Amino acid sequence: MGKEKIENYYKGAYSGKATAGVMYYLARQLNKENNNFLWLWILGLTEQLIYNKINQIQYEAFVDECQKEVLRFNNLPESERNRLAGSQLEDEFQLETTNKAIGTISIETDFKFMLLRHWSLYESMY
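Residues numbered from 1 in each chain as written. Predicted model: local features only at pLDDT ≥ 70, side-chain atom pairs only at ≥ 80, totals over all residues. Heavy atoms only, no water.

Peer 1: I'd love a proper account of the overall build of the protein chain, names of residues and values included.
Peer 2: The secondary structure content of the protein chain amounts to six helices and zero strands. Mapped in sequence order, the helices and strands of the protein chain form the string α-α-α-α-α-α. Burial status across the protein chain gives 21% buried among its 126 residues. About 10,600 Å² of surface is accessible on the protein chain, with carbon and sulfur atoms providing 55% of the total. (Helix = DSSP H or I, 4+ residues; strand = E, 2+ residues; numbered from the N terminus. Buried < 20%, exposed > 50% of the residue type's maximum accessible area, 1.4 Å probe, protein only. Areas by Shrake-Rupley, 256 points an atom, 1.4 Å probe, with all protein chains shown as cover.)

Peer 1: Break down the nonpolar core for me, with residues and values.
Peer 2: The biggest cluster of nonpolar side chains holds 13 residues, and the ones touching the most others in it are Leu38, Trp41, Ile42, Leu45, Cys66, Val70 and Ile105. Counting residues per element, the ones that place at least two in this core are helix H2 (19-29), helix H3 (35-50) and helix H4 (56-73). Those residues within four positions of Cys66 in sequence are excluded, and the remaining contacts are Leu38, Trp41, Ile42 and Leu45. (Core = buried A, V, L, I, M, F, W, Y, C linked by side-chain atoms within 4.5 Å. Contact = heavy atoms within 4.5 Å.)

Peer 1: I'd like to hear about the environment of Glu60, residue by residue, with values.
Peer 2: Inspection of the secondary structure puts Glu60 in helix H4. With 15 residues separating them in the primary sequence, Glu60 and Leu45 have C-alpha atoms 10.0 Å apart.

Peer 1: Describe the pattern of salt bridges, listing the residues and the values that go with them.
Peer 2: Inspection of the entire model under this criterion finds four salt bridges. Across the salt bridge formed by Arg28 and Glu69, the nearest N and O atoms sit 3.1 Å from each other. A residue pair is termed long-range when its members are at least 10 positions apart, and Arg28 in helix H2 and Glu69 in helix H4 qualify at 41 residues. Relative accessible area serves as the criterion here: at 33%, Arg28 is assigned to the partly exposed category. Residue classification places Glu69 among the buried positions, given a relative accessible area of 8%. (Salt bridge = Lys/Arg side-chain N within 4 Å of Asp/Glu carboxyl O.)

Following this line, the structure appears as structure tokens:
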């Protein structure tokens, strides 16, 4: 019986919610949430996806929650609010100049290459 318990213990692993997400929920209940907690939650969620601790469906569900919080905390331009709401912009290549304040979070679609902005494309892929 003891050997079975040990084998079952080492059979697999389980990952729950990101700790940063739990901390954000706690801060929200205490009315202490801010962009710093939100950013840490986004980083924790991204780490879970990168290391396959959650699947794509779970990730997308949590990302929807994060997007709602980003919209709540940050004054995003109207065009970005419409894009996130699912409406199509008339001109996809419309140039929008906005001065973003330091510490704001914006929602952007980016390539899934790690550190692409800091390395070359080749170094990011391998």
